[in-house]
Structure formats: C-alpha cells, structure tokens
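The primary structure of each chain is shown beneath.
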Amino acid sequence: MFISANIELTGSYDYGEVGRSVFIAIAASYAALDLAGRVTAASGRIRAAWLTGGAAAMGIGIWAMHIKGMLAFHLPVPVEYHWPTFLASLLVAMLASAVALYVASRQKIGMVEALIGSVIMSAGIAGMHYMGMAAMRLPAIARFSLLLVTISVLFAFIFSLVALMMAFDLREETRWTVPRRLGSATVMGLAVSAMHYSGMAAATFIPASPPDLSYAVSISPFANSGIAIVTLIVIVAAMVTSSVDRRASVEVQRLNQELERRVAERTLQLEEVNQALRKEIVDRKRTEDELKKQKEVFQNIFEDIPVMIGFVGKDGHLELVNPEWQRTLGWTQEEIREPGLDIYAELFPDPEYRQVFFEVVAASTGEWTDLKVKVREGRVIDVAAAFVLLSDGSSLGIGKDITEWKRTQAALQEAQDNLARVTRVIGMGELVASIAHEINQPLTAVLMNGNFSLRQITSGMPNLEEVQKAIAEIVEDGNRISAVISRVRGLLKKGAVDRVRLDINEVIEEVSVLVRSEAARNLVHVRLELDTALPRVLGDRVQLQQVLINLVMNGIDAMGAVTDRTRTLNLTSFPHGNGVLVRVQDSGSGIDTDPVERIFEPFFTTKPQGIGMGLSISRSIIESHGGRLWAEPGSPGAIFYFTLPANGMTV
Ligand code: ADP
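All values reported here derive from a predicted model rather than from experimental measurement. (Residues numbered from 1 in each chain as written. Predicted model: local features only at pLDDT ≥ 70, side-chain atom pairs only at ≥ 80, totals over all residues. Heavy atoms only, no water.)

## Re the overall build of the chain
Inclusion rule: Counting from the N terminus, the helices are DSSP H or I runs at least four residues long and the strands are E runs at least two residues long. Taken over C-alpha atoms, the radius of gyration is set against a globule rule of 2.2 Å times the number of residues to the power 0.38. Accessible area is worked out with a 1.4 Å probe on protein chains only. A residue is then buried under 20% of its type maximum, exposed over 50%, and partly exposed in between. Contact between two residues is taken to exist if any of their heavy atoms lie within 4.5 Å; hydrogens are not considered. Here, Shrake-Rupley sampling with a 1.4 Å probe gives the accessible areas, and only protein chains in the shown set may cover a residue.
Assigned secondary structure in the chain consists of 16 helices and 19 strands. For 651 residues, the compact-globule estimate of 2.2 N^0.38 gives 26 Å, and the chain exceeds it by more than 25% at 69 Å. With 651 residues in all, the chain has 40% of them scored as buried. Long-range contacts, defined here as pairs at least 24 residues apart, represent 71% of the contacts in the chain between residues at least 6 apart. Accessible surface, the chain: about 35500 Å² in total, of which carbon and sulfur atoms supply 61%.

## Re helix α13 (residues 464-492)
Filter applied, for reference: One less than the residue count of a helix, multiplied by 1.5 Å, gives the span that helix is expected to have.
With 29 residues, α13 should reach 42 Å at 1.5 Å per residue; the first-to-last C-alpha distance of 41 Å fits that figure. Burial in α13 covers these residues: Val467, Ala470, Asp477, Ile481, Val484, Val488, Gly490 and Leu491.

## Here we look at the packing of helix α14 (residues 504-521) against helix α15 (residues 541-558)
Under the convention used in this document: The angle between two axes is taken between their N-to-C directions and runs from 0 to 180 degrees, where each axis is a line fitted to C-alpha atoms and a helix contributes only its stretch in contact. Orientation categories follow fixed angle ranges, with anything under 35 degrees roughly parallel, anything over 145 roughly antiparallel, 65 to 115 roughly perpendicular, and all other angles oblique. Helix crossings are classified by the rotation of the near helix relative to the far one: an anticlockwise turn of less than a right angle makes the crossing left-handed, while a clockwise turn makes it right-handed. Gly is put with the polar residues, along with every residue not named as nonpolar or charged; the nonpolar set is Ala, Val, Leu, Ile, Met, Phe, Trp, Tyr, Cys and Pro, and the charged set is Asp, Glu, Lys and Arg.
Where α14 meets α15, the axes come as close as 9 Å, and the angle between the chain directions of the two elements is 40 degrees. Compared by their axis directions, α14 and α15 come out oblique. Along this stretch, α14 crosses α15, giving a crossing that reads as right-handed. Residues Ile504, Glu506, Val507, Ile508, Glu510, Val511, Leu514, Val515, Glu518 and Ala519 of α14 touch α15, and the partners they reach there are Arg541, Leu544, Gln545, Leu548, Ile549, Val552, Met553 and Ile556. Considered class by class, the residues forming the contact of α14 with α15 number 13 nonpolar, 1 polar and 4 charged.

## So, the sheet that holds strand β7 (residues 216-217)
By definition, the strands of a sheet pair up through backbone hydrogen bonds, in either a parallel or an antiparallel sense. We count it as follows: For two strands to count as paired, DSSP must find a minimum of two bridges between them.
Strand order across the open sheet formed by 3 strands is β4-β3-β7, with antiparallel pairing between neighbours. What marks the edges here is a single partner per strand, and that holds for β4 (136-137) and β7. Bridge analysis of strand β3 (residues 80-82) against β4 gives 2 bridges, and the strand direction is antiparallel. Considered in β4, the bridge of Tyr81 is made with Met136.

## Overview of the site of the ligand
Test applied: Think of it this way: one heavy atom of a residue within 4 Å of a molecule or strand is enough to make that residue near it. The term polar contact refers here to a pair of N or O atoms within 3.5 Å; inside protein, the definition further demands a hydrogen-donor-capable atom paired with an acceptor-capable atom, and it admits residues adjacent in sequence only when both atoms are side-chain atoms.
Not every one of the 19 residues close to the ligand is listed here, only the nearest: Asn554, Asp586, Thr605, Thr606 and Lys607. A distance of 3.0 Å separates an oxygen atom of the ligand from a polar atom in the backbone of Ile611. Looking at the shell around the ligand, the elements that each hand over two or more residues are α15, α16 (614-624) and β19 (638-645). It is α15 that provides the largest number of residues to the shell around the ligand, a total of 3 residues.

## A closer look at the pairing of strand β18 (residues 629-633)
On a regular strand, one side chain projects to one face of the sheet and the next to the other, so that they alternate. In this structure, β18 lies alongside β19, joined through 5 bridges in antiparallel fashion. Its bridge partner lying in β19, Glu632 is registered against Ile639. In textbook terms, the turn of a hairpin is the stretch between consecutive antiparallel strands, and for β18 and β19 this stretch comprises 4 residues, one of which, Gly637, has a positive phi near 85 degrees.

## Quick notes on the pattern of salt bridges
Quick reminder of the rule: Salt bridges, as used here, are contacts in which a Lys or Arg side-chain nitrogen is within 4 Å of a carboxyl oxygen on Asp or Glu.
Evaluation of the coordinates by the stated rule reveals 25 salt bridges. The shortest N-O distance in the salt bridge between Glu510 and Arg541 comes to 3.0 Å. You can see Glu510 sitting in helix α14 and its partner Arg541 sitting in helix α15, a full 31 residues away along the chain. In this structure Glu510 comes out as buried when scored by relative accessible area, which is 14%. Between Asp564 and Arg565 there is a salt bridge, with its nearest N and O atoms 3.7 Å apart. Judged by relative accessible area, Asp564 falls into the exposed class, the value being 63%. With a relative accessible area of 31%, Arg565 lands in the partly exposed category. In the salt-bridge network here, residues are joined through shared partners; they are Glu258, Arg261, Arg262 and Glu265.

## Remarks on unusual backbone geometry
Cis geometry is found at the peptide bond from Asp594 to Pro595, where omega equals -5 degrees. Mapped onto the elements, Pro595 comes out in the loop between β17 (579-586) and α16. Positive phi is not limited to glycine here, since Ser364 has a value of about 40 degrees. At Phe603, a residue that is not glycine, the phi angle is positive and equals roughly 65 degrees.

## Here's the deal with a nonpolar patch on the surface
Threshold: A patch is a set of surface residues, each over 30% in relative accessible area and not in a salt bridge, joined within 9 Å for like charges and within 5 Å for the nonpolar side chains Val, Leu, Ile, Met, Phe, Trp and Tyr.
Where nonpolar side chains cluster on the molecular surface, the patch consists of Met111, Val112, Leu115, Ile116 and Ile120 and spans about 460 Å² of accessible area. Topologically, Ile120 is positioned in helix α4 (residues 111-134). Assessed through its relative accessible area of 38%, Ile120 is described here as partly exposed.

In structure tokens form, the structure reads like this:
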C-alpha cells in the first residue's frame, strides 16, 4: 500500500502474516464447504447443532483471517483494538456463516435464494470487516476510498455467491469431493483474502490526536499466534468432527443400504414364497375342484346307474348299497345295517350259495359269477356279479339282475336245440334207406338162422351144435340191429343236452357204422385213422355225432360226380393242444364258393334239395363245446377240421 509521505501514515505488510491469513481463509473455506455437507445430511436438532457449530467454526475462521489480515498491516504508530467491537464483529461473522450454511444446505437452491443468501452473507462479511477496522484505536483517523470500499463489498458479494454455489454443489459426497473441495476452498480463501485486502486498501490513515483507549487492548504477537492456533484448532476440530460424522453417516448409510438390501432380499424371498403359496393355493383349488367334480360324477354314477353297487367292508359287513341295489333286492340302506339283521342270510338262504358268495367276495378277482339271490319279497333271482378289492381292503361289488336274460337264453337254447333236432331228423331222412338196409341184412340173417333152427328142432334129430351156432349168430345180429336202432333213436330223440366225458374216437366209429351202407351205396371208401392216445373231451355224444354225420354226408355228396378217381373219405383224429383235432377229408369236387366261409352261413346251399343248415348248426355245436370248425381246400376235394378242448367248455 502506498501511503503519502507527509500526511498519511505509511503502513507496511508483514507478508508472513498475510500468507498465514490466506491459509486460514482457505482452511476456513474448506471447513465451511465440509460443514455444508454435514448440515445437509442431518435433520432436526442435529441439523441445528451442525448449523450452529458450523457457523461458529466458519465464523471464527473468517474472523481470525480478518484479524490476521489486520495484524499483518503495520503502521508506524501503536495500534490497539476496542475489544467489544472486535467481539461484535466475530458475532457478525458467525451470523453471516450461519446464513451461508443455511442456504447452501437447502434441498434446492434457486437464483433468488442464492442472491438473497449472498447479499446477507456479503453484508455480514463486509460488516465484520469494517467493524474490525472500526475497532482499531490509533493516533490517526482512517479515511476510506469509496471506490475501493465498493470494490471490496462487491468482492464480498461475488465471493459469497460463488461460495454458496460451490458449497451447494460440493455438499454431496462424491469421489472427487476432497480434491474438488480443496480447489474450491482455495478459490474461496483467495476471494475472501482479496475482499479483505481490498477493504484494507480502501483505508488511509491520517495522523491525529491519541485515541480513546477505553476497552482497548493491544494484541501482542503472542496473542496473535494464539488466535491463529485457536482458530486452526477450531477449524481442525470442526473438520475432524465433520469427518467422523461423515464416516459415521457413511457407515450408517452403508448399514442402511445393507439393511435395505436385506429387506429387499427378504421381501423378494417373501414375494417368491408368497407367489409359490399363491400358486399352491391355485393348484390346490384346482385339485379340489377336480376332486369335487369327480366326486359328483361318481356320486351320480352310484345313484343313477342301473347296476347294483355294494361295498363290503374289510370286516365282511355290507356297508353301502346304491339305489338300484335297494330297488332290486328290496332292502334299504338303513335296514341292511340294522344290528339284529343278518342280511347275507336273507339274501342267500341256501348256505351253499352263501358260501359261494363269501368265497367270491374274499377272492375279489373281478371275475363274473352267477349268484342266486333271494329278494325281500321271496323271489329268487339270478344275479351276475363281480367283486374287486379296493385299496382300503374293502370290496366293491357290482351286479345285474339277469333272470330275464337267462330265461331268454334258455328259450333261445331250446329253440336252437329244436332246430338242430329237426335238421338232424331231416338229415336222417337221407340215411333212412341205407339204415334200413343196414338193419335188413342182419334181420335177413336172423330170419334165416331162426328158420334153420326151427327146422332143426322140429326134424327130430336136431344138430344141436349147428342150432347153437345159428342162435349165437341170431343174438349177434340182434345186437347189431339193436345198436343201430338205438343210435338212430338217439339221433331222433328230443333230449336235453347231455355233456359227458367221452372218447371222440368212439363217436367217429359209431358214425362210421351209421353211414357205412350209404358210403357203400355211393362207392365211397371210408377210412378211419384214429390216434389212440387222445384225451377225453367233455361233450354231448348225440350233438357230436350230428356234426360228424353232417360232414361225412357232405363229403359223400361232394364225391357223387367223381368218376375219374377213387372216392375216399378219411376220418382222422389227432391230439391237439389240450384237446383233440378231427379231420374229415374227401376227394370230391372241392369248395368253389368264395369266400369259403360263406358255406357256414345259415341257408347257404349249392344243392338242389339242400337246406343249407348243416354246417351252420355244426359250427354252433362245436363252438358251444369250446372248439372251432373250419374248412380248407384239399387236393382234390375239401378238408373240414374241428377242435374240442379236453377241459370242457371254455366259452
Ligand atoms: P346242405 O348240405 O344242405 O347244402 P350244408 O350247410 O351242409 O347244407 O352245406 C352248405 C354247402 O357247403 C353245400 O351246399 C356245399 O356247397 C358246400 N359243401 C359242404 N361240404 C362240402 C364238401 N365236403 N365239399 C364241397 N362242398 C361242400
């Protein structure tokens, strides 16, 4: 600073002090920026505490810088300071800092707020500065250059505005905060210093009378250093506190984030569990609905089906029966469970049938069985029943009243038997002549032997030996005749089907006797090839004879026109599986019907006097014995086969 030689006091600067003041300004700025972040991060009372502490530290910093700046200026006269004004300027500095921190720590900062904040802050700083100058007590008076004062106030304003914006920007914790804050603090510190020194430059001191030194103190270099040290301690303390708080808040934030992450994770898990639960609920609901539907379906079946349904418990008690059961048998659901009633004794008065029932239920194989059941009103009905075992050990039985069906079946069977007999009788018509011839021969022999015996006896000298021989022949022929007649009678007889264990070879031989004459008349050579190790079959002798006669007579018919080869009819028996196979083979015209199967159709015939029932009836007879009858082309002629199982009926 230039001080005019004569009038003004010439001052000089202690540049060491200037440097220190700038350093304090930068440190205070750094603290201010730092604290702005803390104030922002806090809320409520803590915010107020930070604001107060921050304002104090920052105010002290700016104030100390100012003091330092003043003390760096040496005048050739002793200078003392009016300490109350000094202290008041400290208060002003603190208030200005409070305003600055308050504005910078707001959520948002608009241009208007920034401007108002800057005006207040700059007014505070300028006020503090000029109050500080006003506290000077020296034998001189200060004159101020209006221009430099204005410049200094303007500096204060610009500095405040820049500082506010910087503080606002820097309050968030980012990676570059420390270097940036350091840079900003330097800029701010330099601005504060510039303001201060331009303010200092605005004053010139003119020597005058000694000042009023009441309340004035001189600041020794020692006190000066003390102020600096205390200020720095305050600033450092503020920064350390801020840093600790920041770390703590960072930690709190980290913990918060961790907590949030965990909460989010947990929420996600819960959401997943929730979702799985919801899905399970939906699934369960669907299953329940399906089960309900199924139950309804089963319920409807149980109630509406025209079939008897009953459940027999593990302990053998009849537990549940459906409406059809109740309708058919006449007992209600409640009645069957009445303690005193033995429902099985009611249903099966015949112990034998009851036993059959128990056995069938115990086995529960699902096979159909015919049961005779007594209904409540006394009638006995035929029931086809089947029982199956359920997983809980009980048995489910279903049954159908087949009384009517059985009656129809029986009538049908009778009709079929009658038809078979009629065709048999018709068939016999063809055989009558040859059978008559068959009987005639032995009958003639009987007559001749009879006459011979008579003559011998009446001659007076009978040759007894010859007579005996003749009578023996008569007996033999009589037996032959009787056998033929009894077979014919058997064929014509109306009789119930009679299944016995029989030797099929015997049946073949019997038939060959009956057809012998017919074959001979047609020049047919009948050959038997019978396996001697055949199992017996369960069958009706007459029906099987009828089948064989049909096949043989058809073969003889088919060979009627054959002149160029021997007419042979082979009757062969074989063991077959668990039964027998019989083959009837001729050397006749063969079957020219296409398909061959047609010849088995009822009323199919190629003969002028034919009826076309022989093969159809034969097939139904064989099938009713559990066997099969079919035809194949021979070379020449035709081959007919039929099988019979040894263990009786399989159908
Ligand atoms: P019908 O003898 O009254 O005609 P069948 O049912 O016994 O009735 O025979 C039906 C038809 O099958 C016969 O008309 C004949 O055409 C044919 N048929 C049966 N047996 C033989 C055979 N051994 N050779 C050739 N054709 C046969």
